Every structure is written in C-alpha cells, then in structure tokens.
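What the coordinates show
Residue-level listing of the chains:
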Amino acid sequence: MEKKLQSIDLQKVPNHIAVIMDGNGRWAKGKGMQRVFGHRNALTAIRETADAASDLGVKFLTLYAFSTENWNRPKLEVDALMSLLVTTLKKELPDFQRKNVRVNAVGNITSLPKSAQKILAKVIEETKNNTKITLSFALSYGSREEIVNAIKNISKKVVNNQLDIEKIDEKIINNHLYTFNLPDVDFMIRTSGEQRISNFLLWQMAYAELYFTDILWPDFRREHLFEAIIDYQNRERRFGKTSEQIETNE
C-alpha cells in the first residue's frame, strides 16, 4: 500500500470525489446473512475512504447513502438504514471534530424520519467550521428530482419577476440544486462491478472521470481508493479541448 501511496501525485488529486457505495446486499448474501448485515459492515469502508481521501488532500467527498428509489425497498431494510444513520452520526461526531471534517447533506432531507433530520442537523451545525474535508451524504437523493425542483423554483422566480429569464445560466441552475455549496465532481467511483450512475449527480458529473471496480463496498479500503486515484491521474482530462491544446494550455 505504501508503494501505491508514493505513486500518487498529491498536487493532482481530485478536488471532489463522489462514491456510489454499491454491493452491501450481495456482500451480506454471500455470507448467508440479511442485507442489513452488509449495511452495518459498510461503515468501516466509509471511515477508511474518508480518512484516506482527507490524508491525500481531497477537499470534498460525497457518498450516495440513500436514493429516492431506495424508499421502495422492504420496510424492514429502510427502517434499519434510518436507524443506522442516526446511531452512526451520533457515534462519529467526536471523530468528525477531531479529524476536522465538515459534514454536509444533499437530497430531500425533509422526507427522512424526524430523528434522522434532528441528528443530521446537529452534526452539520457542530461541524460547520471544520475545514479539512467536506463529507457529504446524499440522502433521499435523486438527481432528476433535484433538477425538476430546481426548474420549478427558478420558474417561480421568473413568474414573480424576481429573475429575468435571460439571466438564467449554469450558475443560476447550480445555485438551485441540493449541491449549491459544492463544486462539480471530478471523479466518480462505483463499487460492486455495476457500470451505471443510477440517477446520481447527473448535472454535477458532466465532466467527471468514471471508475468502476468489482470490489463490494464493505470490502473497500484505503488501498482501493489509492488504486482508483492512480487510474484517475493516468487519464487526460480535456473538457472538450484537444490533447494539443491541453499541452500548450490554450
């Protein structure tokens, strides 16, 4: 792992990494356990990934924790996930403070149980001045819903003469998204071998590099993050330009 770490150019780490934490259910099933067992054992992966990202100088890490579609899962699993969210945030708050982690949440937070909303608000408030890394949890999040809501809110402002339609640009749209306080995603990682983005940060990942690994999320460790970032650093990010323009900074 030390060799992998030395292979990383710390001046070129992604500013914002997004992770689709997939494979908890399959991991548990492979061990003859219920899906909830996989979710509980995913916490180590979250800690290691957040710590490793912070150590490398990554400033923003966004984790897809619960999608709008996940509400359709069996009630027992949903209830267990919400309970796990509450207990985990309570337990991890001292560590967030010690490690200088600012906690953030994106999504339709008002749809979460009151207990989850309360502890989430507490953790966000108490860590708001931390500066090393912003750890965002996407909760009850769906990118299409996010964009629809943004369009509705912008339209209301236009109708009420609060906004000139000709003034609408990317910045205006960004400011009406759940992620208004986050930069665009540079690098997206999805575990478990699935190769899709599942309605996650569609607007924000317009120019993100995508990385897919067969590792199931509960098995994901810091060395796997290092491998992903090494792969990222071996790519050429052109943003619509040619390789020659990138080389000459044109």
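Every chain is numbered on its own, with residues counted from 1 as its sequence reads. The predicted nature of this model means local features are confined to residues of pLDDT at least 70 and side-chain atom pairs, given and counted, to a pLDDT of 80 or more, with totals for whole chains, interfaces and linings taken over all residues. Excluded from the side-chain calculation are hydrogens and water; included are all heavy atoms of the structure.

**Remarks on the pattern of salt bridges**
Here, a salt bridge means any side-chain nitrogen of Lys or Arg that lies within 4 Å of a carboxyl oxygen of Asp or Glu. On inspection of all chains with the given rule, the structure shows 16 salt bridges. Arg26 is paired through a salt bridge with Asp22; the nearest N and O atoms lie 3.2 Å apart. Buried means the residue's accessible area, taken with a 1.4 Å probe over protein chains only, is under 20% of the maximum for its type, while exposed means over 50%, and partly exposed covers the values in between. Taking the relative accessible area as the measure of exposure, Arg26 reaches 38% and is therefore partly exposed. You can call Asp22 buried: its relative accessible area is 16%. Measuring nitrogen to oxygen at the nearest pair gives 2.9 Å for the salt bridge that ties Arg190 to Asp22. Taken together, the positions of Arg190 in strand β5 (residues 187-190) and Asp22 in the loop between β1 (16-20) and α2 (24-30) put the pair 168 residues apart, joining distant regions of the chain. As far as burial versus exposure is concerned, Arg190 and Asp22 are alike and both buried. Salt bridges here are not isolated pairs; linked through shared partners, they connect Asp22, Arg26, Arg190, Glu194 and Arg196. Here a helix means four or more residues in a row that DSSP labels H or I, a strand means two or more in a row labelled E, and each is numbered from the N terminus.

**Thoughts on the pairing of strand β4 (residues 133-141)**
Summarising burial for β4: nine of the nine residues are buried, a large majority. Here, strands pair whenever DSSP counts at least two bridges between them. Bridge count for strand β3 (residues 101-106) against β4 is six bridges, and the pairing is parallel. Across the sheet, Arg102 pairs through a bridge with Thr134, a residue of β4.

**Re the packing of aromatic side chains**
Two measures describe an aromatic ring pair: the distance that separates the ring centres and the angle between the ring planes. Between rings of Phe, Tyr and Trp, where Trp is taken as its six-membered ring, a pair exists when centres lie within 6.5 Å; planes separated by under 30 degrees are stacked, by over 60 edge-to-face, and by other angles tilted. For the structure on display, the rule yields nine aromatic pairs. Measuring from ring centre to ring centre gives 4.1 Å for Tyr64 and Phe200, while their planes differ by 10°; the resulting arrangement is stacked. Remark: Phe200 occurs in the loop between β5 and β6 (209-212) and Tyr64 occurs in strand β2 (residues 60-67); sequence separation between them is 136 residues. Taken individually, Tyr64 and Phe200 each receive the classification buried, so the pair is uniform in this respect. Members of the aromatic cluster, joined through ring pairs, are Tyr64, Tyr141, Tyr178 and Phe200.

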